[in-house]
Amino acid sequence: MAKTLIVAEIQKGGLREATLELVTLARKLGGEVASLVIGSGVGAVAEDLAKKGGGKVLLADDPSLAVYTADGHARAIRKAIDAEKPDLVLISNTPSGWDLAGKVAAALDCGIATDVIRIEQDGADLVFVRRMFNAKFDARLRVSGSPRVATVQPGANEAYTGGETGSVVKLDGVGGESRTKFVEVRVAPAGGHDLTKAEIIVSGGRGLQKPENFEAVLKPLVEALGAQMGASRPVVDAGWLPHEYQVGSSGQVVSPKLYVAVGISGAIQHLVGMKSSNFIIAINKDADAPIFEVADVGIVGDLFEIVPALAAAVKKAKGG
Ligand SMILES: Cc1cc2nc3c(=O)[nH]c(=O)nc-3n(C[C@H](O)[C@H](O)[C@H](O)COP(=O)(O)OP(=O)(O)OC[C@H]3O[C@@H](n4cnc5c(N)ncnc54)[C@H](O)[C@@H]3O)c2cc1C
């Protein structure tokens, strides 16, 4: 049985949901669970995690850790690894997680698996599962040595809801100078396109093929339903729509009454942002597209035929 150390992530003063997903994964492995909370004045967060299944929670609390720096946080993680001697270190696959995980693995000269969705025990071995080729294949990785570091995709596991209560233990010697200097956080100006409050969202993906089709093909359906338009990341990355249209782990997390996914494959990073929608309709020409796993209604076919027909039917039903 592996002993697992979970590196908690704090967002807006509280635990990130992704941390509780790591607890689920660690608890499934069945071994001992310890966690690490890093920051300044974050004792309450550590207490919270101890009540939510985090096991023995190590608290790295120091004024020098008030803001994120890879040096400072990696130093705290190494202290925790020295103290707990885990077989496995779990970090969320978030921007700070990517930054940290590689640094910790390199410093310890140990193996790392990134972007993992599941971990399976195979005898004494651990198998790390990650999605490849738009989730058409699962790669199964074995990482030798101990400890092993893994970053886990947010949204791939449910948040832990068990009630075990652990203890909080202060970790000493975690402060110090950092080679990286924190300068400032710049919050992007709030745009006028707040999808989090939308009741109906029609999102388009790469399947729409070119930016003009968002106007010509998707917009009539958006208007017929009285919806807001959303998009997958490649659409935004290509500059077809502004970033505030993006749904997913690095975009907006939405839960409208109705979500219509058009020409979107359903990569896990997109699903994280919309799978809690009340009702999901997916239109995709690939019957095996993972979006259908979360859809209440799946339509397999060419969006260029289906979307105009749907828009016309909605308009007609509304008497338009
Ligand atoms: C760190 C990280 C963060 C990310 N964050 C996000 C995020 O926030 N949001 C996000 O969306 N992605 C995110 N991604 C990208 C994600 O992994 C996928 O690459 C992306 O979601 C795929 O977008 P897509 O479904 O539009 O494109 P594709 O995966 O290319 O899918 C296009 C789909 O359109 C279908 N299609 C094509 N033509 C037609 C047609 N004529 N009719 C019907 N269907 C058709 C295809 O069958 C296919 O399923 C992130 C990736 C990383 C690594």
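These notes cover the structure that comes with them. (Residues numbered from 1 in each chain as written. Predicted model: local features only at pLDDT ≥ 70, side-chain atom pairs only at ≥ 80, totals over all residues. Heavy atoms only, no water.)

1. A look at the site of the ligand
- In the vicinity of the ligand there are 27 residues, among which S232, S250, S265, Q269 and N284 approach most closely.
- Within the backbone of R206, an N or O atom sits 2.8 Å from an oxygen atom of the ligand.
- Separating a nitrogen atom of the ligand from a backbone N or O atom of K285 is a distance of 3.1 Å.
- Considering the ligand on its own, with 980 Å² of exposed area, one finds that the protein chains cover 83% of that surface. (Near = heavy atom within 4 Å. Polar contact = N/O pair within 3.5 Å; in protein donor to acceptor, adjacent residues only side chain to side chain. Areas by Shrake-Rupley, 256 points an atom, 1.4 Å probe, with all protein chains shown as cover.)

2. A few points about the packing of helix α3 (residues 70-84) against helix α4 (residues 95-108)
- Where α3 meets α4, the axes come as close as 9 Å, and the angle between the chain directions of the two elements is 55°. One element, α3, and the other, α4, form an angle in the oblique class. The handedness of the crossing between α3 and α4 is right-handed. In this structure, α3 uses A70, D71, H73, A74, I77, R78 and I81 to contact α4, whose residues at the interface are D99, L100, K103, V104, A107 and L108.
- Here the residues of the contact of α3 with α4 are counted per class, giving eight nonpolar, one polar and four charged. (Axes fitted to C-alpha atoms, helices over the stretch in contact; angles between N-to-C directions. Helix = DSSP H or I, 4+ residues; strand = E, 2+ residues; numbered from the N terminus. Parallel < 35°, antiparallel > 145°, perpendicular 65-115°, else oblique. Left-handed = near helix turned anticlockwise from the far one by under 90°. Contact = heavy atoms within 4.5 Å. Nonpolar A, V, L, I, M, F, W, Y, C, P; charged D, E, K, R; others polar.)

3. Details of the side chain of S92
- For S92, the position within the fold is in strand β6 (residues 88-92).
- Ignoring any residue separated from it by four or fewer positions in sequence, one finds S92 in contact with E9, A18, T19, L22, G97, T151 and V152.

4. Overview of the nonpolar core
- Grouped together as the largest cluster of nonpolar side chains are 30 residues, with contacts concentrated most on V37, L49, L88, L90, I119, L126 and F128.
- Elements represented by at least two residues in this core include exactly α1 (17-29), β4 (33-39), α2 (43-51), β5 (56-61), β6, β7 (112-122), β8 (125-132) and β10 (148-152).
- Broken down by element, the residue count for this core peaks at six residues, all from α1.
- Other than its neighbours up to four places away in sequence, L49 contacts A8, L15, T19, L20, V23, S35, V37, G54 and V57.
- With 26 residues, the next largest nonpolar core counts M229, V236, I283 and I306 among its residues. (Core = buried A, V, L, I, M, F, W, Y, C linked by side-chain atoms within 4.5 Å. Buried < 20%, exposed > 50% of the residue type's maximum accessible area, 1.4 Å probe, protein only.)

5. Points about the sheet that holds strand β15 (residues 279-284)
- Strands sit in the order β13-β12-β14-β15-β16 across an open sheet of five strands; the sheet is parallel. Every interior strand has two partners, whereas the edge strands, β13 (228-231) and β16 (297-300), have only one. The sheet shows a mean angle of 15° between the axes of neighbouring strands, direction not considered.
- As judged from the five bridges shared by strand β14 (residues 258-262) and β15, these two strands associate in the parallel manner. Looking at the pairing, V262 lines up with I283 of β15.
- Each of β12 (200-204), β13 and β14 is contacted by helix α5 (residues 212-225), which is oriented at about 170° to β12, the strand it contacts most.
- The strands touched by helix α8 (residues 303-317) within the sheet are β14, β15 and β16, with β15 carrying the most contacts at an inclination of about 135°. (Pairing = 2+ DSSP bridges.)

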